[in-house]
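Below, each chain spelled out in residue letters.
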Amino acid sequence: MKSRPLIFVISAPSGGGKTTICRSIIRVCSGVKLSTSLTTRKRREGERKNFDYHFVSQKEFLKKIKQNAFAEWATVLKNYYGTLKKNIEAPLKQGKNIILNIDTNGALQIKKIYPEAILIFILPPSLDVLKKRLVGRKTDSQHEIKKRLNLARKELSFVKNYDYAIVNDSLKKAIRKVESIIIAERCRVIKK
Ligand code: ADP
Ligand code: 5GP
């Protein structure tokens, strides 16, 4: 049976584990595609061009906004991030499921355009653990980590707008929970 075209949005404060979880999900769930966003943020060590992100200049990003190419976009800590409409529409047309790893602002924009989108929030066990994970990731400066932790406090208040919330304590269990949501949503009976 072909899977129902579905959009899953995954958000978490920076360091919450959404990238790790999304990468595992595309390995364990067939028919799920992960959208690659555009960003003006500088590439971190180890990040791959056109895989982790399409890294673009601010000029290029603003041009895409003018062209109305984005399904959603937002600024996070002074950098632009956005999902191209074609990154959503093309997989959906092919009957695929799509995962968007985007911030809370972008998630709400997606829910407005696609009310059937399923929003999943990944919660860290605590802010202390979040800090430890950001430090352990070794991709951000102390100053950057401080900014991300301040933003995390605000982002956590958005959980009420999401359909599901998962605490990422054990990574294995968190991945299984996201996978279970995908399986359940694929089985949902649509009442017309
Ligand atoms: P995000 O994409 O939300 O910013 P990442 O996926 O980059 O977060 O995860 C941040 C760091 O925390 C990474 O180094 C990752 O390996 C680690 N991590 C993620 N989930 C867990 C977990 N459940 N237990 C321990 N470390 C984790
Ligand atoms: P990071 O710089 O840590 O990769 O991402 C910072 C934040 O931007 C995260 O919350 C991440 O989910 C979000 N983000 C990544 N891509 C997009 C996108 O295309 N749109 C929006 N709105 N947020 C994004």
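Look up: the structure comes first, before these words.
Residues numbered from 1 in each chain as written. Chains lettered and ligands numbered in written order. Predicted model: local features only at pLDDT ≥ 70, side-chain atom pairs only at ≥ 80, totals over all residues. Heavy atoms only, no water.

Caption draft 1: Spatial organisation of the site of ligand 2. As a matter of local geometry, ligand 2 sits amid 17 residues, with Ser37, Arg41, Tyr53, Tyr81 and Asp103 nearest to it. Between ligand 2 and Ser37 there is a distance of 2.7 Å, counted from an oxygen atom to a side-chain nitrogen or oxygen. The side chain of Tyr81 places a nitrogen or oxygen atom 2.5 Å from an oxygen atom of ligand 2. Taking 510 Å² as the accessible area of ligand 2 by itself, protein coverage stands at 96%. Looking at the shell around ligand 2, the elements with two or more residues in it are β5 (70-76) and β6 (79-84). (Near = heavy atom within 4 Å. Polar contact = N/O pair within 3.5 Å; in protein donor to acceptor, adjacent residues only side chain to side chain. Areas by Shrake-Rupley, 256 points an atom, 1.4 Å probe, with all protein chains shown as cover. Helix = DSSP H or I, 4+ residues; strand = E, 2+ residues; numbered from the N terminus.)

Caption draft 2: Molecular detail of the packing of helix α5 (residues 127-137) against helix α6 (residues 142-156). Axis separation between α5 and α6 bottoms out at 11 Å; the angle between their running directions is 140°. Considering the relative orientation of α5 and α6, their crossing is right-handed. In this structure, α5 contributes Leu127, Leu130, Lys131, Leu134 and Val135 to the contact, and α6 contributes Ile145, Arg148, Leu149, Ala152, Arg153 and Leu156. When its residues are assigned to classes, the contact of α5 with α6 shows eight nonpolar, no polar and three charged. (Axes fitted to C-alpha atoms, helices over the stretch in contact; angles between N-to-C directions. Left-handed = near helix turned anticlockwise from the far one by under 90°. Contact = heavy atoms within 4.5 Å. Nonpolar A, V, L, I, M, F, W, Y, C, P; charged D, E, K, R; others polar.)

Caption draft 3: Here's a closer look at the pattern of salt bridges. Counted by the stated rule, this structure contains 10 salt bridges. Residue Glu47 pairs with Arg44 through a salt bridge whose shortest N-O separation is 3.6 Å. Under the relative-accessibility criterion, Arg44 is labelled buried at 14%. Among the ionic pairs, Arg148 bridges to Glu144, the shortest N-O distance being 3.3 Å. Of this pair, Arg148 and Glu144 both sit in helix α6, separated by four residues, roughly a single helical turn. (Salt bridge = Lys/Arg side-chain N within 4 Å of Asp/Glu carboxyl O. Buried < 20%, exposed > 50% of the residue type's maximum accessible area, 1.4 Å probe, protein only.)

Caption draft 4: Molecular detail of the site of ligand 1. Taken together, 14 residues lie near ligand 1, and Gly15, Thr19, Thr20, Arg137 and Asn168 sit nearest. Within the contact set of ligand 1, an oxygen atom lies 2.9 Å away from a side-chain nitrogen or oxygen of Lys18. The separation between an oxygen atom of ligand 1 and a polar side-chain atom of Thr20 is 2.5 Å. Burial of ligand 1 by the protein chains amounts to 75% of its free accessible area of 560 Å². Among the elements of the structure, α1 (18-28) and α5 are those that each provide at least two residues to the shell around ligand 1. Here the shell around ligand 1 gets three residues from one element, more than from any other, and that element is α1.

Caption draft 5: Expanded view of the side chain of Lys18. As for its placement among the helices and strands, Lys18 is situated in helix α1. Glu155 is the oppositely charged side chain nearest to the buried, salt-bridge-free Lys18, at an N-O distance of 6.7 Å. Leave out the neighbours within four places in its chain, and Lys18 touches Ile10, Ser11, Ala12, Pro13 and Asn101. (Lys, Arg positive; Asp, Glu negative; His and termini not counted.)

Caption draft 6: Representation of α6 in the model. Taking 1.5 Å per residue, 15 residues should reach 21 Å; α6 reaches 21 Å between its end C-alpha atoms and fits that length. Listed in full, the buried residues belonging to α6 are Glu144, Ile145, Arg148, Leu149, Ala152 and Glu155. Down the axis of α6, the smallest arc covering the buried residues is 135°, so these residues share one side. Of the exposed residues in α6, those oriented more than 90 degrees away from the buried face are His143, Lys146 and Lys154. Packed against the buried residues of α6 are β6, α4 (104-113), β8 (118-123) and α5. (Expected span 1.5 Å × (residues − 1). Arc of directions from axis to C-beta.)

Caption draft 7: Just the sheet that holds strand β4 (residues 54-55), in detail. Spatial ordering of the open sheet is given by β4-β3-β6-β5, a layout of four strands whose pairing is mixed. A single partner strand is all that each edge strand has here, and the edge strands are β4 and β5. Across two bridges, the pairing between strand β3 (residues 38-39) and β6 is antiparallel. Note that in β6 the partner of Leu38 across the bridge is Gly82. (Pairing = 2+ DSSP bridges.)

Caption draft 8: Examining the packing of α1 against helix α7 (residues 171-187) more closely. In contact at an axis separation of 10 Å, α1 and α7 are set at 55° when each is read in the N-to-C sense. On the basis of their axis angle, the class for α1 and α7 is oblique. Where α1 crosses over α7, the two elements pack in a sense that is right-handed. Packed against α1, whose contacting residues are Thr20, Ile21, Ser24, Ile25 and Val28, the element α7 presents Leu171, Ala174, Ile175, Val178, Glu179 and Ile182 at the interface. Residues belonging to the contact of α1 with α7 are distributed by class as follows: eight nonpolar, two polar and one charged. (Parallel < 35°, antiparallel > 145°, perpendicular 65-115°, else oblique.)

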